Amino acid sequence: GKGRGTVVKTSMDLDVIKMESVQVGDAMLPVGQSTVTSSVHLKKLEASTLPSNSVVGVCHPKNVAEYETSGAAASISGGSVAGFLHLVGVEEGDKDGAAKMTFTSPVEGALPSSMVITGEGVAWLNG
C-alpha cells in the first residue's frame, strides 16, 4: 500500500558502522586553548547487535571506497547516504555465521553498498 516500503529478508553480510562523538575538554588541550573540539570515531558493530526498529543509513559506494583506501572517518561521517533502511529484526546466524536481517527499504533490489551507518538513539517508532 501507499507509504509502505518493500520488506526484504536477507542473510547478506552488512558492515555496520556506528558513529560516536569524541570530545576533548579543556584539560586535554594545550595551555591557553579553551575551546572544546569534537571529532567522530567510527566503531564497527556486528549486525546481530542492532536492536529491532533501528534506522540505518546505506553509505554511497564512492564513500565506502574512499574510506577503505584512506581510512579517513570523514569519508563516511562527512558523506551523504544513499538512503535509509528500517531494520525490523535480526535473527542469529546459523553455523555459516550470517545473521538473517529483515528490513524495509523504499525500493526493491540490491543495496548500493554493504556498509550501513548508525548513531545513538535512531529508531523507528510505531504509533
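Computed from a predicted structure; not experimentally measured.

Cut-offs applied
Residues numbered from 1 in each chain as written. Predicted model: local features only at pLDDT ≥ 70, side-chain atom pairs only at ≥ 80, totals over all residues. Heavy atoms only, no water. Buried < 20%, exposed > 50% of the residue type's maximum accessible area, 1.4 Å probe, protein only. Helix = DSSP H or I, 4+ residues; strand = E, 2+ residues; numbered from the N terminus. Pairing = 2+ DSSP bridges. Salt bridge = Lys/Arg side-chain N within 4 Å of Asp/Glu carboxyl O. Core = buried A, V, L, I, M, F, W, Y, C linked by side-chain atoms within 4.5 Å. Contact = heavy atoms within 4.5 Å.

**Considering the pairing of strand 4 (residues 54-59)**
Then, in step 1: A large share of strand 4 lies buried, amounting to 6 of its 6 residues.
Then, in step 2: Of the two faces of strand 4, the one carrying Ser54, Val56 and Val58 and the one carrying Val55, Gly57 and Cys59 are both buried.
Then, in step 3: Where strand 4 and strand 5 (residues 81-91) come together, 6 bridges link them in antiparallel fashion. By the bridge assignment, Gly57 is partnered in strand 5 with Phe84.
Then, in step 4: Pairing between strand 4 and strand 7 (residues 115-118): 2 bridges, direction antiparallel. Bridge pairing links Gly57 to Ile117 in strand 7.

**Re the pattern of salt bridges**
Then, in step 1: Overall, the coordinates contain 1 salt bridge when judged by the stated rule.
Then, in step 2: The salt bridge involving Lys44 is made with Asp15; its shortest N-O contact spans 3.4 Å. With Lys44 in strand 3 (residues 37-45) and Asp15 in strand 2 (residues 15-24), this residue pair connects regions lying 29 residues apart in the sequence.
Then, in step 3: Residue class for Asp15 comes out partly exposed when judged on its relative accessible area of 23%.

**Concerning unusual backbone geometry**
Then, in step 1: With phi around 70 degrees, Asn53 is a residue other than glycine that occupies positive phi space.
Then, in step 2: Relative to the helices and strands, Asn53 resides in the loop between strand 3 and strand 4.

**Remarks on the nonpolar core**
Then, in step 1: Counting residues in each nonpolar core, the largest one holds 13 residues, and the members touching the most others are Val16, Leu85, Met101, Phe103 and Leu111.
Then, in step 2: When residues of this core are traced back to their parent elements, those giving at least two are strand 4, strand 5 and strand 6 (100-105).
Then, in step 3: Discounting chain neighbours no more than four positions away, the residues touching Leu85 are Ser54, Val55, Val56, Val58, Phe103, Thr104, Ser105 and Leu111.
Then, in step 4: Judged by nonpolar contacts, the second largest core, of 7 residues, contains Ile17, Cys59, Val64 and Met115.

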